[in-house]
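Residue-level structure breakdown
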Amino acid sequence: MNAIADEERTALVRVSVEKWDADSRELCEDDVAEEVPIALEYNGISHAVMLASPYDLEDFALGFSLSEGILKDRSELYECEIVPGAQGIQVQMQIATERFVTLKDKRRNLTGRTGCGLCGAETLAQAVRRPGAVTGSTAFSATQIYAGMKAMQGKQRLQRYTGATHAAAWMNADGSVDLVREDIGRHNALDKLIGAMSDEKRDFTAGAALITSRASYEMVQKSATMGIGFLAAISAPTSLAIQLAEESNVTLVGFVRSNSHVVYAQSHRLMRDKTK
């Protein structure tokens, strides 16, 4: 295993533990994933407090802002400053005035959002936001999906150290995986991926998002909002996630294993392997 990078170590905490088995007890140290309150502030106003891994926070802030519809484009984020504090971390953003005015009109309390996609919503319209239909047509074979998931898992450095983090990865149109983000929260990992992709000006329609969690409604919502037309998950989707995927023209794949998967919505982006 490669040594973990200095910036990644900020997401780890060394603790004393007791390892037990049937015949012995061992006192030793272990690395665990750090969980920190992250306050997202826009133009000096606190909007949301999330529990997240204190790593890739610029990506997280940008991805959250885009996937939640606070910003329409990367250019509307003018500044992003990370300010550590005794009780957590503040992410102070300066955004376009028009977007900030709209945000104040729709402002809601999102504290604790990592555990529930609808927590803090004040109306049904806020809770069940319907993105427009995705137009991308990039298709993948089963072999590419399986290889992509394996490649993503091989790049989950924090997961290998802690066993406590989720990941989201981008699979390019050729099936390669070169961008992975991790976090204790599945939503946060996807937001970090979206932020990193946006910062690199990648085409959201020309590939697939791979995730190491269930495909909840919010995961599909975030994907559709960004124009991602293919979402593949290790675990199952929910009924609302399937409904939204159908409505938004998102190909939704779940239970991806080394040689099997289940297609829940919009199968037209899946192609047969050439050897089959």
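Our structure is the block above this text.
Read on for a plain summary of the structure. Fair warning: this is a prediction, and the values are worked out from it, not measured in the lab. (Residues numbered from 1 in each chain as written. Predicted model: local features only at pLDDT ≥ 70, side-chain atom pairs only at ≥ 80, totals over all residues. Heavy atoms only, no water.)

Let's talk about the overall build of the chain
Note the cut-off: Strands here are runs of E lasting at least two residues and helices are runs of H or I lasting at least four, both read from the DSSP assignment and numbered beginning at the N terminus. Buried, partly exposed and exposed residues are distinguished by accessible area as a fraction of the type maximum, computed with a 1.4 Å probe on protein chains only: under 20%, between the cut-offs, and over 50%, respectively. By definition, residues are in contact when any of their heavy atoms lie within 4.5 Å. Note on areas: these come from Shrake-Rupley sampling with a 1.4 Å probe, and a residue is covered only by the protein chains present in the view.
The secondary structure content of the chain amounts to nine helices and 14 strands. A total of 276 residues make up the chain; the buried ones form 50% of that total. Contacts spanning at least 24 positions in sequence make up 52% of the contacts within the chain whose residues lie at least 6 apart. Counting every atom, the chain has about 13,100 Å² of accessible surface; 48% of that belongs to carbon and sulfur.

Overview of the environment of Lys201
Tracing the backbone shows Lys201 in the loop between α7 (186-199) and β10 (207-211). In this structure, the C-alpha to C-alpha distance between Lys201 and Arg74, residues 127 residues apart in sequence, is 8.7 Å.

Here's the deal with the packing of helix α2 (residues 57-67) against α7
Note the cut-off: Note on geometry: axes are lines fitted to C-alpha atoms, helical ones only across the stretch in contact, with angles between N-to-C directions running from 0 to 180 degrees. Our angle categories are set so that under 35 degrees counts as roughly parallel, over 145 as roughly antiparallel, 65 to 115 as roughly perpendicular, and the remainder as oblique. Classification used: nonpolar for Ala, Val, Leu, Ile, Met, Phe, Trp, Tyr, Cys and Pro, charged for Asp, Glu, Lys and Arg, polar for all others including Gly.
Contact geometry of α2 with α7 gives a least axis separation of 6 Å together with a crossing angle of 95°. On the basis of the axis angle, α2 is roughly perpendicular to α7. Across the interface between the two elements, Asp59, Phe60, Leu62, Gly63, Phe64, Leu66 and Ser67 from α2 touch Asn188, Asp191, Lys192, Ile194, Gly195, Ala196, Ser198 and Asp199 from α7. Of the residues belonging to the contact of α2 with α7, the class tally is six nonpolar, five polar and four charged.

What about the sheet that holds strand β9 (residues 177-183)?
Our working rule: Only when DSSP finds a minimum of two bridges between them are two strands counted as paired.
Taken together, the six strands give an open sheet; going across it, the order is β9-β8-β10-β11-β12-β13, and neighbouring strands pair in mixed fashion. Strands at the two margins of the open sheet, each flanked by one partner only, are β9 and β13 (262-265). Averaged over all neighbouring strand pairs, the angle between strand axes comes to 20°, with direction disregarded. Where strand β8 (residues 166-172) and β10 come together, five bridges link them in antiparallel fashion. Opposite Trp170, over in β10, you have Ala209 as the bridge partner. Strand contacts of α7: β8 and β9, with the helix running at about 140° to β9, the strand carrying the most contacts.

Considerations on helix α9 (residues 239-248)
We count it as follows: By definition, the arc is the one covered by directions from the helix axis to the C-beta atoms.
Those residues of α9 that sit buried are Ala241, Leu244, Ala245 and Ser248. When α9 is viewed along its axis, its buried side chains cluster within an angular range of 105° and face the same direction. Against α8 (217-226), β12 (251-254) and β13 lie the buried residues of α9. Phi for Asn249, located one or two positions after α9, is positive at around 60°.

Overview of the sheet that holds strand β5 (residues 77-84)
The mixed open sheet is built from four strands, whose spatial order is β4-β3-β6-β5. Two strands bound the open sheet, and with one partner strand each, they are β4 (45-52) and β5. Along the sheet, successive strands turn relative to each other by an average axial angle of 20°, direction set aside. For strand β3 (residues 36-42) and β4, the ladder comprises seven bridges, and the chain directions are antiparallel. Counterpart to Leu40 in the pairing with β4 is Ala48.

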